[in-house]
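Coordinate analysis (summary)
The chain contents come next:
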Amino acid sequence: MHKVSLAIPTYYSSQYLSIIIKTAIKSQIIDEIVITEDSNSDKEFRKVEKIVSKYQGKTRTLDINLIKNKENLGAYNNKFKAIISCKNEIVYQIDSDNILKKNIDIVLNKINSEFNKEYIYYPSTLKQFFYNYQYYFYRDKNIVRLSDHDKLIDSSIVADSIINDNQITLDKNIFWILNCGNFIVSKTEFENTMKEYCNNDNVPLAADALAISYLWLKSGKNILLKENLYHYHRKRNTSVSLTLTEESRESFSFFREKFKSL
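Reading the values: the criteria
- Residues numbered from 1 in each chain as written.
- Predicted model: local features only at pLDDT ≥ 70, side-chain atom pairs only at ≥ 80, totals over all residues.
- Heavy atoms only, no water.
- Helix = DSSP H or I, 4+ residues; strand = E, 2+ residues; numbered from the N terminus.
- Buried < 20%, exposed > 50% of the residue type's maximum accessible area, 1.4 Å probe, protein only.
- Lys, Arg positive; Asp, Glu negative; His and termini not counted.
- Salt bridge = Lys/Arg side-chain N within 4 Å of Asp/Glu carboxyl O.
- Polar contact = N/O pair within 3.5 Å; in protein donor to acceptor, adjacent residues only side chain to side chain.
- Contact = heavy atoms within 4.5 Å.

**Considerations on the side chain of Asp38**
Within the secondary structure layout, Asp38 lies in the loop between β2 (30–37) and α2 (42–55). Despite being buried, Asp38 has no salt bridge partner; Lys81 is the closest side chain of opposite charge, sitting 7.4 Å away. There is a polar contact of 2.8 Å between the side chain of Asp38 and the side chain of Asn69. Once residues within four sequence positions are removed from consideration, Asp38 is found in contact with Thr10, Tyr11, Asn69, Glu71, Asn72, Leu73, Gly74 and Asn78.

**As for the pattern of salt bridges**
Inspection of every chain in the model, using the stated rule, returns 10 salt bridges. Its salt-bridge partner being Glu114, residue Lys110 comes within 4.0 Å of it at the nearest N-O pair. With Lys110 and Glu114 both in helix α4 (residues 104–114) and 4 residues apart, the pair spans about one turn of that helix. The salt bridge partner of Glu257 is Lys260, with a shortest N-O separation of 3.4 Å. With Glu257 and Lys260 both in helix α10 (residues 245–260) and 3 residues apart, the pair spans about one turn of that helix. Accessibility expressed as a relative area gives 32% for Lys260, which makes it partly exposed. Within the structure, one salt-bridge network assembled from shared partners comprises Lys110, Glu114, Asp150 and Lys226.

Here is the structure:
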């Protein structure tokens, strides 16, 4: 059984960090958490340090490693750094304001037994909740169902869905998959595939999740919507996609055209 690292890129999100660490501690398969703090604030970093110190040593089987970036890297590069800094080959990257599913080891065991480095494993369901409410207050109307089974998606499926407006998910459209940004992946394949856009000022990377999905598909690899893989997805008005509205729109338009040409 392969152990799994949890990569958590952070940016002024210390207030959400404790709850995701609490859920990770319960796992017998996750044996490492890597946190990369991308703010320029020493005060914010001290907050993250305090949270990490609270949980370090709570269990002998889980290491928590905190890295402070010397300069602001931006969402894409910070996520890249978090993943490649992990010690394990299988990495679960999750945004700092989201929360792991209950009994995460059940699905991690399944992925472990069939792991394919050519796949990036995306959730089949998103359980949305809002602002600072505890995750168990979600309602059925806020659940987004992308698939009810393992569903393999390649570049041609994505391009066709966008060009012809074909809905391939149970709810919503294809961009709910491509822009999800929480996934399980091979560290080696991720590094090799994503380094093309690292520190690249010529590519609009505000929609970092779209950039990751695009490069993965462009390289000839596939997305797998994994049955029973979900997380609690926090909706908040301070998210990067809302605070960088103009940049996000530009990035979304850029990658929409890129996907159509796959």
